[in-house]
Amino acid sequence: MKELFPNIPQIRYEGKDSKNPLSFKYYDAHRVILGKTMQEHLPFAMAWWHNLCAAGTDMFGRDTADKSFGAEKGTMEHAKAKVDAGFEFMQKLGIDYFCFHDVDLVPEADDIKETNRRLDQITDYMLEKMAATGIKCLWGTANLFSNPRYMNGAGSTNSVDVYCFAAAQIKKALDLTVKLGGKGYVFWGGREGYETLLNTDMKFEQENIAALMKMAVDYGRSIGFTGDFYIEPKPKEPMKHQYDFDAATAIGFLRQYGLDKDFKMNIEANHATLAGHTFQHELRVSAINGMLGSIDANQGDLLLGWDTDEFPANVYETTLCMYEVLKAGGLTGGFNFDAKNRRPSYTAEDMAYAYILGMDTFALGLIKAAEILEDGRIDAFVRERYASFESHLGQQIRRGEATLEQLAQIADEMGAPALPASGRQEYLQSIMGEIMFR
Ligand code: XLS
Ligand code: CA
Ligand code: CA
């Protein structure tokens, strides 16, 4: 078969002193950290849509990159060429997983029966490639936001026909996810929200979204899908207000509608910052609720108010991410690079540089997070900070055995309490700095 990326060799680990841009400086797949290899800690995935479909078009200009891969766009030959390109790329970079939307894989026809026939055909071909390479599917999803029919959402649409069409797409995307052995199935509710409450029945819309998710769970389980369903929270863009605003909101929604046993969170870094949170905050909220499932590994730009989907370059952020992931005992999902090259970085080499950057940034984050845990000073500080609750009274409160009257009585006898112990933020930040730059 013709090589589609002749300028990209097999990317290997060469260590931090290497000046070869087409090598890993930190990602050493077989290096063992805290009892697991880097490859096991970091199940990386390629996002089909960014790497194989998006070619740089933005609101002000057309494609800069050529992603035809030698075939005419909009044809099944092109769909097949994308499979060839994707598998060659993943193999050369050492990426074990991919994620996809239904419409990333084939050109959509007017008739869903024809689209589904195309999807069957392309996934047969993908299965052959998967068997030949050992590359696996992390998660699948249905694109319920690009087609104009979804202008008012899918689960939250005002049209029962559109709702029905969305159900059909989800059913097929679940079939494909099971066929490809995907570990998870994602719901990202990009258009599940509203522009104005003047035309919106919020309760009605949320109930309909929940009903659609419930049908998806029932159907998924009936065809043997044992993985996790994920909600991927995002506060806005494309809608002004999206229902899955952040992890806390999404978890509340899942609990309200009895979906929390089947769902976890897929946390995207850029969506966290759009919600006014840190990436670490969203991971922590998910983890303490037992719902940290998977990660969309990217980063935003704090000076821009939109979803820039940049490749992770900020080691401080990936360190804090991996600190959360390690403390949570790892992910059931993986790290999907939902990230794209900047528009002027339009060559095939740029695609490789982007993944090398992302993988090295996470590898270094993993190394540093493990060092923070092994160092132990930060965790010890946090434990010590709450030490007053180790008292008899503190234990009573923790067990839920204290009453308001009892505490009020103690306070009466105490006089004014002493100030709580210092938070020592700057000291802790110095420890972080010392470990990061040692
Ligand atoms: C868009 C989302 C989307 C989901 C999958 O902002 O990140 O790409 O990950 O539908
Ligand atoms: Ca995403
Ligand atoms: Ca995004």
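Residues numbered from 1 in each chain as written. Chains lettered and ligands numbered in written order. Predicted model: local features only at pLDDT ≥ 70, side-chain atom pairs only at ≥ 80, totals over all residues. Heavy atoms only, no water.

**Some remarks on the coordination of the calcium ion (ligand 3)**
Consideration 1: Within the protein, Glu268 (OE), Glu268 (OE), His271 (NE2), Asp307 (OD), Asp307 (OD) and Asp309 (OD) serve as the donor atoms for the calcium ion (ligand 3), at 2.3 to 3.0 Å.
Consideration 2: Coordination of the calcium ion (ligand 3) draws on donor residues from a single chain, spaced E-x2-H-x35-D-x1-D in sequence.
Consideration 3: A spacing of 4.2 Å is found between the calcium ion (ligand 3) and the calcium ion (ligand 2), which share Glu268 as a donor. Placement of Glu268 in strand E12 (residues 263-268) and of Asp307 in the loop between strand E13 (292-296) and helix H11 (315-327) is noted, with a sequence separation of 39 residues between them.
Consideration 4: On the accessibility criterion, Glu268 (2% relative accessible area) is buried.
Consideration 5: The class for Asp307 is buried, based on a relative accessible area of 11%. (Donors = N, O, S within 2.8 Å, 3.2 Å for Na, K, Ca; no water. Helix = DSSP H or I, 4+ residues; strand = E, 2+ residues; numbered from the N terminus. Buried < 20%, exposed > 50% of the residue type's maximum accessible area, 1.4 Å probe, protein only.)

**With respect to unusual backbone geometry**
Where the residue is not glycine, phi is negative for most of them; where a peptide bond is considered, it is trans in most cases.
Consideration 1: With an omega of 10°, the peptide bond running from Glu237 to Pro238 counts as cis.
Consideration 2: Mapping Pro238 onto the fold places it in the loop between strand E10 (228-231) and strand E11 (241-242).
Consideration 3: Phi is positive for Glu237, which is not a glycine, with a value near 75°.
Consideration 4: Unlike most non-glycine residues, Arg424 shows phi in positive territory, near 50°.
Consideration 5: Looking at the secondary structure, you find Arg424 in the loop between helix H15 (404-414) and helix H16 (425-436).
Consideration 6: Exposure remark for Arg424: the relative accessible area of 46% places this residue in the partly exposed category.

**Brief notes about the coordination of the calcium ion (ligand 2)**
Consideration 1: Coordination of the calcium ion (ligand 2) by the protein involves Glu232 (OE), Glu232 (OE), Glu268 (OE), Asp296 (OD) and Asp338 (OD), with metal-donor separations of 2.2 to 3.1 Å.
Consideration 2: Spacing between the donor residues of the calcium ion (ligand 2) along their common chain follows E-x35-E-x27-D-x41-D.

The analysis is restricted to geometry; functional conclusions fall outside its scope.
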